[in-house]
Amino acid sequence: MNDPPFFSIIIPAFNGETFLEEGADSVRRQTCEDWQCILVDDGSIDSTGQMMARYARSCSQFVHLSRPNGGSSAARNTALSMASGRWFYFLDCDDYLYPEALQTLRAAAM
C-alpha cells in the first residue's frame, strides 16, 4: 500500500494555455518529490484541457480533471474532493513555485 503524498497541489485554470506550462513545470521541478498535482480545467475553450491531459499522461503525479466553468473556487473544491495529500497547496495557473518551495514548507511543517 502506498502512502499518500505529503502535498496535494491544486491548479485550477480557465483558458490558461498561456501560463499553464510554466506553473506545471515548476511543480515538476520540485526538490521535494512527495506531491500530487491536480490540474482542473474549468470549462476552458482554448487548449488548457489538452495541455493538462498531456501532463497527466507524462507523469503519474499529475491528475487531470475537467468540469463546466464555475469559477476558481468551484474548481478548487472539485479537486479537494479527490486530493489525498496531508497538506494542500493552491497554485494559480499563472504562478510558479521556486524549486525548493515544497522542501522548505515540508521542513517547517515537521
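For the structure, see preceding data.
This section reports on the structure supplied with the text. These numbers come from a predicted model, not from an experiment. (Residues numbered from 1 in each chain as written. Predicted model: local features only at pLDDT ≥ 70, side-chain atom pairs only at ≥ 80, totals over all residues. Heavy atoms only, no water.)

All right, on to the overall build of the chain then. Within the chain, the regular secondary structure consists of four helices and four strands. The principal-axis extent of the C-alpha atoms belonging to the chain is close to 40 × 25 × 25 Å. Expressed as a percentage of the 110 residues in the chain, the buried residues total 43%. Element-wise, carbon and sulfur atoms account for 51% of the exposed surface of the chain, whose accessible area totals about 6100 Å². Across the chain, 8 positive and 14 negative side-chain charges occur, with their mean positions spaced 5 Å apart. (Helix = DSSP H or I, 4+ residues; strand = E, 2+ residues; numbered from the N terminus. Buried < 20%, exposed > 50% of the residue type's maximum accessible area, 1.4 Å probe, protein only. Areas by Shrake-Rupley, 256 points an atom, 1.4 Å probe, with all protein chains shown as cover. Lys, Arg positive; Asp, Glu negative; His and termini not counted. Charge placed at Lys NZ, Arg CZ, Asp CG, Glu CD.)

It is worth spelling out the packing of aromatic side chains at this point. Applying the stated criterion across every chain yields a total of four aromatic pairs. Relative to Phe62, the ring of Tyr55 has its centre 5.3 Å away and its plane inclined at 55°; by these criteria the two rings are tilted. In this pair, the class of Tyr55 matches that of Phe62, namely buried. Look at Tyr96 and Tyr98: their rings are 5.5 Å apart centre to centre, the planes differ by 75°, and that puts the pair in the edge-to-face class. Accessibility expressed as a relative area gives 43% for Tyr96, which makes it partly exposed. Counting every residue linked through ring pairs, the aromatic cluster contains Trp35, Tyr55 and Phe62. Against the face of Phe6 rests Arg106, its NZ or CZ located 4.3 Å from the ring centre. (Phe/Tyr/Trp six-rings, centres within 6.5 Å; stacked < 30°, edge-to-face > 60°. Lys NZ or Arg CZ within 6 Å of the ring centre and 35° of its normal.)

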